[in-house]
Amino acid sequence: RKTVAMKVRHKANIEYGKKLVSGHVSGHKKETEIKNAIVNMYLDEGLSVTAIARVLTQMKVPTKKRGKKWDHSVVTDILKREAVYQPKRQPKDKK
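In short, a report on the structure. Position labels on residues start from 1 in each chain and follow its written sequence. Residue-level local features of this predicted model are given only where pLDDT is at least 70; pairs of side-chain atoms are given and counted only at 80 or more, and the full residue set underlies all totals for whole chains, interfaces and linings. Side-chain numbers come from the whole structure's heavy atoms, not from hydrogens or water.

**Examining the side chain of His 28**
Part 1: The secondary structure listing takes helices from DSSP runs of H or I that are at least 4 residues long and strands from runs of E that are at least 2 residues long, numbered from the N terminus. By secondary structure assignment, the location of His 28 is in the loop between strand S2 (24-27) and helix H1 (29-43).
Part 2: To sort residues, take the accessible area from a 1.4 Å probe on protein chains only and compare it with the maximum for the residue type: under 20% means buried, over 50% means exposed, and anything in between is partly exposed. With a relative accessible area of 17%, His 28 lands in the buried category.
Part 3: Only heavy atoms matter for contacts: two residues are in contact if any of them lie within 4.5 Å across the pair. What His 28 contacts, discounting residues up to four positions off in sequence, is Gly 17, Lys 18, Lys 19 and Arg 66.

Now the structure itself:
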């Protein structure tokens with residue numbers, strides 16, 4: 001039976017906002033801040049997942065695998081894990 005404090009042997013598939021420390025998954029402060037910014041851009045600013053990926057790439061925010069370019073699918077996965085993603089939602093009106 002797996003528990004939350006499950007010991008992990010490798011870094012594969014550790015979600016954004018988490019890190020591997022001595023074989024255990026724990027919070028990653030910087031990534032958590034970025035994850036919160038992604039949610040804010042989506043919910044409060046009304047940006048699309050593609051626009052958010054473009055902003056993160058332009059700001060040179062490193063991806064989980066230390067890549068240089070964010071993909072909309074990664075942003076979508078983060079928003080789904082945060083339970084805020086709504087497929088084909090209407091963009092927020094800009095005033």
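There is more to say, and it comes next.
**Observations regarding the side chain of Thr 63**
Part 1: Within the secondary structure layout, Thr 63 lies in the loop between helix H2 (49-58) and helix H3 (72-81).
Part 2: Among the residues examined, Thr 63 registers a relative accessible area of 12% and is labelled buried.
Part 3: The contacts of Thr 63, once residues within four sequence positions are left out, are Tyr 16, Lys 69 and Trp 70.

**Examining the pattern of salt bridges**
Part 1: Salt bridges are defined by distance alone: a side-chain nitrogen of Lys or Arg within 4 Å of a carboxyl oxygen of Asp or Glu. Counted according to the given criterion, the structure contains three salt bridges.
Part 2: Between Lys 64 and Glu 31 there is a salt bridge, with the nearest N and O atoms lying 2.8 Å from each other. With Lys 64 in the loop between H2 and H3 and Glu 31 in helix H1, this pair connects stretches of sequence that are 33 residues apart.
Part 3: What makes Lys 64 partly exposed here is its relative accessible area of 27%.
Part 4: Residue class for Glu 31 comes out buried when judged on its relative accessible area of 2%.

**Concerning unusual backbone geometry**
Part 1: The phi dihedral of Ser 22 is positive, around 50 degrees, even though this residue is not glycine.
Part 2: Secondary-structure assignment places Ser 22 in the loop between strand S1 (18-21) and S2.
Part 3: Residue classification places Ser 22 among the exposed positions, given a relative accessible area of 67%.
Part 4: Residues other than glycine seldom take positive phi values, yet Lys 60 does so here, at roughly 60 degrees.
Part 5: Within the fold, Lys 60 resides in the loop between H2 and H3.
Part 6: Residue class for Lys 60 comes out exposed when judged on its relative accessible area of 70%.

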